[in-house]
Amino acid sequence: MASLVYHVSVSIDHFIADQPMVDSQLDRTLFLFDGEHVPDFLSDIQHYDAVLMGGKTYEFGFQFGKKPGEPGYDGMKHYIFSNSMQFESNSEVELVKGDAGDYVEKLKQESPGKLWLCGGGQLAGTLIKRKLIDQLVLKVNPILVGSGVPLFGDVKPQLKLELIDMKRYENGVIKPTYNVIYP
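Residues numbered from 1 in each chain as written. Predicted model: local features only at pLDDT ≥ 70, side-chain atom pairs only at ≥ 80, totals over all residues. Heavy atoms only, no water.

A. Structural view of the pattern of salt bridges. Per the stated rule, a full pass over the model turns up eight salt bridges. The partner of D99 in a salt bridge is R130, with the nearest N and O atoms 3.3 Å apart. You can see D99 sitting in the loop between strand 5 (93-96) and helix 3 (100-110) and its partner R130 sitting in the loop between helix 4 (121-129) and strand 7 (135-141), a full 31 residues away along the chain. D102 is the partner of R130 in a salt bridge, and the nearest nitrogen-oxygen pair spans 2.7 Å. (Salt bridge = Lys/Arg side-chain N within 4 Å of Asp/Glu carboxyl O. Helix = DSSP H or I, 4+ residues; strand = E, 2+ residues; numbered from the N terminus.)

B. Main features of the sheet that holds strand 4 (residues 77-81). Strand order in the open sheet made by the eight strands is 5-4-3-6-1-7-10-9, with mixed pairing throughout. Across the chains shown, the open sheet's two edge strands, defined by having one partner strand only, are strand 5 and strand 9 (160-168). Pairs of neighbouring strands in the sheet enclose a mean axial angle of 20°, with direction left out of account. With four bridges joining them, strand 1 (residues 3-11) and strand 6 (residues 114-119) adopt parallel strand pairing. What sits directly across from Y6, in strand 6, is L117. (Pairing = 2+ DSSP bridges. Axes fitted to C-alpha atoms, helices over the stretch in contact; angles between N-to-C directions.)

C. Representation of the side chain of K108. Within the secondary structure layout, K108 lies in helix 3. A polar contact is formed between the side chain of K108 and the side chain of D134, at a distance of 2.8 Å. Discounting chain neighbours no more than four positions away, the residues touching K108 are M1, A2, L4, L115, L132 and D134. (Polar contact = N/O pair within 3.5 Å; in protein donor to acceptor, adjacent residues only side chain to side chain. Contact = heavy atoms within 4.5 Å.)

D. Structural view of the packing of aromatic side chains. One pass over the structure, following the stated rule, counts nine aromatic pairs. For the ring pair Y58 and F62, a centre distance of 5.4 Å and an interplane angle of 75° mean the geometry is edge-to-face. Of the residues examined, Y58 reaches a relative accessible area of 4% and is grouped as buried. The class of F62 is partly exposed, set by a relative accessible area of 27%. Through a chain of ring-to-ring contacts, three or more aromatic side chains come together here, namely F41, Y48, Y73 and W116. In this arrangement the basic side chain of K77 is found over the ring face of Y79, its NZ or CZ atom lying 5.6 Å from the centre. Residue placement shows K139 over the ring face of F41; its charged tip is 3.6 Å from the ring centre. (Phe/Tyr/Trp six-rings, centres within 6.5 Å; stacked < 30°, edge-to-face > 60°. Buried < 20%, exposed > 50% of the residue type's maximum accessible area, 1.4 Å probe, protein only. Lys NZ or Arg CZ within 6 Å of the ring centre and 35° of its normal.)

Set out below in structure tokens:
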């Protein structure tokens, strides 16, 4: 059975994006896209077998030249959860419509290894509510953004977490890793 890890950048006030993802422009964001945490992140994601993301997170990659149906990260299967996007699934990128919780529950049961939830606050909220997220890896940026895309969308989970690792970077980013403890 696969484990699902929500590995995402977040502001201190718990937003994963400081502006709507569709209108996002990197030159306007407060999030740190360079620094010594970046090579660690690129190394970390090599340990995932597949990546899951919401449609808006997937569309964020389009500003880097990606097209619908193309993977954002090489070497891993992509599952894109969106009821509004339209493109043909292929061997690298699968468009998933309908109940994300049911799909991910089945995917976890049928897959070995580690699945990476890389974004989509609403998707994360759905999955934490269904007790499907096993671990949180948060790249906490030293910023307050006030509003944006919340870590778990509209869901306000109340859970205990077990800190299993913590790393601090010179630019102020900290990276705690927590196991999620469900009641």
